[in-house]
Amino acid sequence: MVTRLYDGMQRVNLTGTAKGPSEGVSQEQFTVSMSHLLKGNSEEKSLIILKMISATEGPVKAREVLKFTEDLVGSVVHVLDHRQQLRGWTQKKAPGCPPRVQVLAAQLFSEMKLQEGEKLLGPQQLDCDCDRAMIEDWVFRTPHVATFLSVVIHRGFLLLCSSLNLSALLPERLVDQGREFESILDVLSVIYLNSHLPREQRHRWHLLFSSELHGHSFAQLCGLITQRGPCVMLLEDHDGHVFGGFASCSWEVKPQFQGDDRCFLFSISPSMAVYTCTGYNDHYMYLNHRQQTIPNGLGMGGQHNYFGLWIDVDFGKGHSKAKPTCTTYNSPQLSAKENFRFEKLEVWAVGDPPESQLAKSKKSILDVDPEAQILLESCGRSCHSQGLREVPEDDE
């Protein structure tokens, strides 16, 4: 990206007359380039991006745009790591899977549209020409391109004062003290998922459940994720596919569907994609346990016994059924096999904890469970904190 930025500045023509690139970069070329990339509209940004891709005037090949995107994504990870601003996340390298740099770059590049309005899909279209109008449209509809350029320039080169707020791009990673572990997620997959969350929930992710830390127990899962506010759940199946869903509301154990149309399903590996609600039905979220006549487990989308994503009460088993797609989210089969097995499952609360959780954390067990207080008194034990603190008022 250093070379691309330098070449792009050299190729900026300030006179309007045709000529080759200058031997160096003038102050005017630098100023125009930075102004266009950081403050310009999509037309101005696309002008400099084209000059960063190729020295020739006119269209560039689609494969050249893809290579530029890979360089851009990779440079963002390098800059955040070098400046020690990964905010607790790591650069995970999944064995046997395409590097996440290539996966995210392919997702961003997939937003490119041909002049006829069709998306560039498949390797057979990498030789297509991409003109200035296509690049401009791509930059306009894919905000990550401009954001990533800002990160590289502001944080990589420490150029110019920046109002860039990294917390909106990459959330703070919180794991309870002494419970560190290696997440399924890496920094790029978090950046991608975080961009699809409601804006007020992007600054912080707090681990609620990890099968590595809390064991393979569905009862434990239910106990740790209910009434904890919006959260992201994801898993990795035995074939290396990583996928999950965003629950926009607190999970509740009950026999009815729950949630709202802000929920979505997603895939991280082997490809990155987000699947939002279709409006066909309201089967957004489902969590049930210890019922005799209806399914016990956690599900999102679809219907009973045919969920877009299902985690069975028999922990380690699940299914993703979508022929051709999930009715609720229009998602394809997310797992490698329709009925899959997994060992790794994580749930992250996003944003600030709900008020009910904050109030609960301030209460003593004696406040929450009056029977515990009665039992303590019947055993002749005194309550040492009595009179030394105020009992929190219930929120009603």
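Source: prediction; values computed, not measured. (Residues numbered from 1 in each chain as written. Predicted model: local features only at pLDDT ≥ 70, side-chain atom pairs only at ≥ 80, totals over all residues. Heavy atoms only, no water.)

### Regarding the nonpolar core
Inside soluble globular proteins, nonpolar side chains tend to come together where they are buried. Selection criterion: What makes a nonpolar core is a set of buried Ala, Val, Leu, Ile, Met, Phe, Trp, Tyr and Cys residues whose side-chain atoms join them at distances within 4.5 Å. Buried, partly exposed and exposed residues are distinguished by accessible area as a fraction of the type maximum, computed with a 1.4 Å probe on protein chains only: under 20%, between the cut-offs, and over 50%, respectively. Runs of H or I in DSSP of at least four residues are treated as helices and runs of E of at least two as strands, each being numbered from the N terminus.
Among the nonpolar cores identified, the biggest contains 71 residues, and Leu 37, Ile 49, Val 65, Phe 148, Trp 205, Val 232 and Trp 348 are the most heavily contacted of them. With 10 residues, the single largest contributor to this core is helix H4 (residues 62-82). Core analysis: the second largest hydrophobic core is formed by 32 residues, Phe 218, Ala 247, Cys 263 and Val 347 among them.

### Observations regarding the pairing of strand E9 (residues 273-276)
Two faces, one strand: in a regular strand the side chains alternate between the faces of the sheet. Heads up, the condition is: At least two bridges found by DSSP between two strands is the condition for calling them paired.
Bridge count for strand E8 (residues 264-269) against E9 is four bridges, and the pairing is antiparallel. Across the sheet, residue Phe 264 finds its bridge partner in E9, namely Thr 276. What sits between E8 and E9 in their antiparallel hairpin is a turn of three residues.

### Section: the packing of helix H2 (residues 27-39) against helix H7 (residues 143-156)
Stated formally: Angles here are taken between N-to-C directions and fall from 0 to 180 degrees, while the axes themselves are lines fitted to C-alpha atoms, restricted in helices to the stretch in contact. Roughly parallel means an angle under 35 degrees; roughly antiparallel means over 145; roughly perpendicular covers 65 to 115; every other angle is labelled oblique. We call two residues contacting when some pair of their heavy atoms lies within 4.5 Å. Only Asp, Glu, Lys and Arg are considered charged, only Ala, Val, Leu, Ile, Met, Phe, Trp, Tyr, Cys and Pro nonpolar, and every remaining residue, Gly among them, polar.
Between H2 and H7, whose axes approach to 9 Å, the crossing angle comes to 130 degrees. Put simply, H2 runs oblique to H7. Taking contact as the criterion, the partners of Met 34, Leu 37 and Leu 38 in H2 are, on H7, Leu 149, Ser 150, Ile 153 and His 154. Of the residues contributing to the contact of H2 with H7, the split by class is five nonpolar, two polar and no charged.

### Focus: the packing of aromatic side chains
Short version of the rule: Centres within 6.5 Å make a pair out of two Phe, Tyr or Trp rings, where for Trp the six-membered ring is used; the pair is then stacked when the planes are under 30 degrees apart, edge-to-face when over 60, and tilted otherwise. Counted as over-ring charges are cases with an Arg CZ or a Lys NZ within 6 Å of the ring centre that also lie within 35 degrees of the ring normal.
In total, this model carries 15 aromatic pairs according to the counting rule given. Their ring planes at 35 degrees and their centres at 5.2 Å tell us that Phe 246 and Phe 264 sit as a pair that is tilted. With Phe 246 in strand E6 (residues 242-247) and Phe 264 in strand E8, the pair connects residues that are 18 residues apart, well separated along the chain. On the basis of relative accessible area, Phe 246 is assigned to the buried category, the value being 0%. One aromatic cluster in this structure is built from Phe 209, Phe 243, Phe 315, Phe 340 and Phe 342. For Arg 173, the ring lying beneath its charged end belongs to Trp 89, and the centroid distance is 5.6 Å.

### Considering the confidence of the model for the chain
Applied cut-off: On a scale of 0 to 100, pLDDT captures the predictor's confidence in every residue.
Counting all residues, the mean pLDDT for the chain is 87, and 84% of those residues have values of 70 or more. Counting interchain partners and residues more than four positions distant, the pLDDT-below-50 stretch residues 368-372 has two contacts.

### Remarks on helix H3 (residues 42-53)
Rule in force here: Helix span is expected to be 1.5 Å times the residue number reduced by one. Polar contact is the term for a pair of N or O atoms within 3.5 Å; when the atoms are in protein, one must be able to donate a hydrogen and the other to accept it, and sequence-neighboring residues count only if both atoms are side-chain atoms.
For H3, built from 12 residues, the straight-helix expectation of 16 Å at 1.5 Å per residue is met to within 8% by its first-to-last C-alpha distance of 16 Å. Here H3 lies mainly inside the structure; nine of its 12 residues are buried. When H3 is considered as a whole, its buried residues turn out to be Ser 42, Lys 45, Ser 46, Ile 48, Ile 49, Leu 50, Lys 51, Met 52 and Ile 53. The distance from a side-chain oxygen at the start of H3 to the backbone nitrogen of Glu 43 is 3.1 Å, and the residue carrying that oxygen is Asn 41.

### Looking at the packing of H3 against H4
Packing of H3 against H4 brings their axes to within 10 Å, and their N-to-C directions diverge by 100 degrees. Between H3 and H4, the angle falls in the class roughly perpendicular. Seen from H3, the contacting residues are Ile 49, Met 52 and Ile 53; seen from H4, they are Glu 64, Val 65 and Phe 68. Looking at side-chain class alone, the contact of H3 with H4 contains five nonpolar, no polar and one charged residues.

### A look at unusual backbone geometry
Between Ser 269 and the following residue, Pro 270, the backbone shows a cis peptide bond with an omega angle of 10 degrees. Relative to the helices and strands, Pro 270 resides in the loop between E8 and E9. Between Lys 323 and the following residue, Pro 324, the backbone shows a cis peptide bond with an omega angle of 0 degrees. The backbone of Gln 84 sits at a positive phi, close to 55 degrees, despite the residue not being glycine.

### Focus: the pairing of strand E5 (residues 231-237)
With seven of seven residues buried, E5 lies mostly within the body of the structure. Both faces of E5 are covered, namely the face carrying Cys 231, Met 233, Leu 235 and Asp 237 and the face carrying Val 232, Leu 234 and Glu 236. Relative to E6, E5 runs antiparallel, the two sharing six bridges. Note that in E6 the partner of Leu 235 across the bridge is Phe 243.

### Here we look at the pattern of salt bridges
A pair can form between side chains of opposite charge whenever their charged atoms are brought close. Selection rule: Any carboxyl oxygen of Asp or Glu that lies within 4 Å of a side-chain nitrogen of Lys or Arg is treated as forming a salt bridge with it.
All told, the structure shown has 18 salt bridges when counted by the stated rule. The partner of Glu 111 in a salt bridge is Arg 141, with the nearest N and O atoms 3.6 Å apart. Here Arg 141 lies in helix H6 (residues 132-141) and Glu 111 lies in the loop between helix H5 (100-109) and strand E2 (129-130), a separation of 30 residues in the sequence. With relative accessibility at 26%, the residue Arg 141 sits in the partly exposed group. Through salt bridges that share partners, Arg 4, Lys 67 and Asp 71 make up one connected network.

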